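Descriptive analysis of the structure
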Amino acid sequence: MTEDSTPGFDTLLIHAGARPDPATGARQTPIYQTTAYVFRDAEHAAALFNLQEVGYIYSRLTNPTVAVLQERMAALEGGVGAVCCSSGHAAQIMALFPLMQPGCNVVASTRLYGGTVTQFSQTIKRFGWSAKFVDFDDTDAVAAAIDDNTRAIFCESIANPGGYITDLDAISKVANDAGLPLIVDNTSATPYLCRPIEHGATLVVHSMTKYLTGNGTVTGGVVVDSGNFDWSASDKFPSLSAPEPAYHGLKFHETFGPLAFTFHGIAIGLRDLGMTLNPQAAHYTLMGIETLSLRMQRHVENANTVASWLEQHPAVEGVTYAGLPSSPYYDRVERICPNGAGGLFTVALKGGYDACVKFVDSLELFSHVANLGDTRSLVIHSASTTHRQLTPEQQTAAGAAPNVVRISIGIEDAKDLIADLGQALDKASN
Ligand SMILES: *Cc1c(COP(=O)(O)O)cnc(C)c1O
């Protein structure tokens, strides 16, 4: 044995949370396709319903296949617990739900997935919540945006779509000074490239739809809890610190300590919001995660090759990939994402909106889809699709201006990707 006996990241990818099935010895995690679980007796049932014993009641709350995925994601992110849910967007609501009340706000980065900008600027208002969008490179502005009703700070590690890397160390300091939790969407990076909890994040959310499953088959999300936040340090988080009427006055933080957020997410969040991940989706995601490191290495290698090639092309105005020395965020890669700047970037074409449309329509190997993080290379013209609901100012702030195409580099042969981009650029500039 070596001195360090804690399993390495690649071992956790394959083994964390899983064990041979106790009943059959099945080596791969089975799909427990069941809605309910037989109680040993009435006393057992009562203990489960009172949260005095941990076990399975009903698959809206917990399921053994989903539980393996939760344990694996917590291990990969270095958290104490995790709650899986039905999509990345569900994960964002599940992360905010225990923190917010009507009248409360979240301070969020302007550089976010387009759907998140819409969710935060419009939909959450129906709950009486609001978001304040700030340039997260300006830490003074982030601090200034925080008020008495702020309950969380929200950003992405590698921001979709722009090849932007958030200085998580600087932002977590602002959050910490204000006594607020920092929520980091780590979808574009995955824990292979970036581990936000090591940079001070309180909660990490993912769309598992993307790189974690990795092959475009599943919609899923997860919230990972660092276990590091003191929910009782102020009276701002009564859902976690004050007596919960639905469980006979139980106080989650007092009772479950660092697992308070995770237990609340299952016992209140999934129970009442019902944004549950199904066991089949969990199974596909577990299989995808087994090869995460291998895939991410190739995504990064291909992205570096293709982005460098594109940057030199005469039809190209610019490429925003933090892995290129020309990027203003290049010097953040080593500190924040030591294994690489990811597989996602945007390319701006000199020909503007029309050239972008022609370019996207001329690609053959790349698929024009509203997705990212697939083994296949994908492309989308954000301004006419994912970022369509945004104003032109919001589009530009989010890195999705009208002359910009987002590219999600797959794990094919880089030479074939370059050949396809080359022929499409030729067509687009004619
Ligand atoms: C896709 C995505 C989401 C939303 O996830 P869904 O699984 O589609 O709900 C959130 N954040 C980022 C960065 C994403 O790429």
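These numbers come from a predicted model, not from an experiment. (Residues numbered from 1 in each chain as written. Predicted model: local features only at pLDDT ≥ 70, side-chain atom pairs only at ≥ 80, totals over all residues. Heavy atoms only, no water.)

Taken together, 14 residues are adjacent to the ligand, and Gly88, Asp185, Ser207, Thr209 and Lys210 come closest. The backbone of Gly88 places a nitrogen or oxygen atom 2.8 Å from an oxygen atom of the ligand. Between Asp185 and the ligand, the recorded distance is 2.7 Å, taken from a side-chain N or O atom to a nitrogen atom. Against a free-state accessible area of 380 Å², the protein chains account for coverage of 92% of the ligand. The biggest single contributor to the shell around the ligand is helix α4 (residues 88-96), with three residues. Of the residues assigned to the shell around the ligand, the class counts are two nonpolar, nine polar and three charged. (Near = heavy atom within 4 Å. Polar contact = N/O pair within 3.5 Å; in protein donor to acceptor, adjacent residues only side chain to side chain. Areas by Shrake-Rupley, 256 points an atom, 1.4 Å probe, with all protein chains shown as cover. Helix = DSSP H or I, 4+ residues; strand = E, 2+ residues; numbered from the N terminus. Nonpolar A, V, L, I, M, F, W, Y, C, P; charged D, E, K, R; others polar.)

A separate point is the domain arrangement of the chain. Domain assignment breaks the chain into domain 1 (9-288) and domain 2 (293-429). Tallying the contact residues gives 39 residues for domain 1 and 41 residues for domain 2. Across the contact surface, domain 1 and domain 2 share three salt bridges. Our count for the contact surface shared by domain 1 and domain 2 stands at 13 residue pairs in polar contact (both at pLDDT 80 or more). If you list the elements that add at least two residues to the side of domain 1 that touches domain 2, you get α1 (9-15), α5 (114-121), β6 (164-165), α7 (168-177) and α8 (190-193). (Domains from an automatic or database assignment. Contact = heavy atoms within 4.5 Å. Salt bridge = Lys/Arg side-chain N within 4 Å of Asp/Glu carboxyl O.)

Mapped onto the secondary structure, Leu182 falls in strand β7 (residues 182-185). Between the alpha carbons of Leu182 and Pro196 there is a distance of 9.6 Å; along the sequence they are 14 residues apart. When near neighbours in sequence (up to four residues on either side) are disregarded, Leu182 contacts Ile153, Cys155, Leu168, Ile171, Ser172, Ala175, Gly200, Ala201, Thr202 and Leu203.

Our focus in this paragraph is the UniProt feature "modified residue: N6-(pyridoxal phosphate)lysine" (unreviewed entry) in the chain. This chain's UniProt record puts "modified residue: N6-(pyridoxal phosphate)lysine" (unreviewed entry) on Lys210. Relative to the helices and strands, Lys210 is located in the loop between β8 (203-207) and β9 (221-225). Dropping the residues within four chain positions of it, Lys210 is found in contact with Tyr113, Thr187, Asn371, Leu372 and Gly373. (UniProt positions renumbered as here; feature names shortened; annotations may be inferred.)

Let us now look at the packing of aromatic side chains. Within the structure shown, the criterion is met by 14 aromatic pairs. For the pair Trp231 and Phe261, a centre-to-centre distance of 6.0 Å together with 25 degrees between the ring planes defines the contact as stacked. Taken together, the residues Trp231 in the loop between β9 and α9 (238-241) and Phe261 in helix α11 (residues 260-273) connect sequence positions 30 residues apart. We note that Trp231, like Phe261, is buried. Between Phe252 and Phe256, the aromatic rings sit 5.8 Å apart at their centres with planes inclined by 40 degrees, giving tilted as the arrangement. A residue pair is termed a helical-turn pair when its members lie 3 or 4 positions apart in one helix, as Phe252 and Phe256 do in helix α10 (residues 252-256) at four residues. Owing to a relative accessible area of 0%, Phe252 belongs among the buried residues under this scheme. For Phe256, a relative accessible area of 14% translates into the label buried. Taken together through their ring pairs, the aromatic side chains of Phe229, Trp231, Phe237 and Phe261 make up a single cluster. (Phe/Tyr/Trp six-rings, centres within 6.5 Å; stacked < 30°, edge-to-face > 60°. Buried < 20%, exposed > 50% of the residue type's maximum accessible area, 1.4 Å probe, protein only.)

On to the sheet that holds strand β3 (residues 130-134), then. Adjacent strands of a sheet pair through backbone hydrogen bonds, lying either parallel or antiparallel. Ordered in space as β1-β9-β8-β7-β4-β2-β3, the seven strands form an open sheet in which the pairing is mixed. Bordering the open sheet on either side are β1 (81-85) and β3, each of which pairs with just one other strand. Sheet twist, expressed as the mean angle between neighbouring strand axes with direction ignored, is 20 degrees. For strand β2 (residues 105-109) and β3, the ladder comprises five bridges, and the chain directions are parallel. Considered in β3, the bridge of Val106 is made with Ala131. Of the strands in this sheet, β1, β8 and β9 are in contact with α11, which crosses β1 at around 25 degrees. (Pairing = 2+ DSSP bridges. Axes fitted to C-alpha atoms, helices over the stretch in contact; angles between N-to-C directions.)

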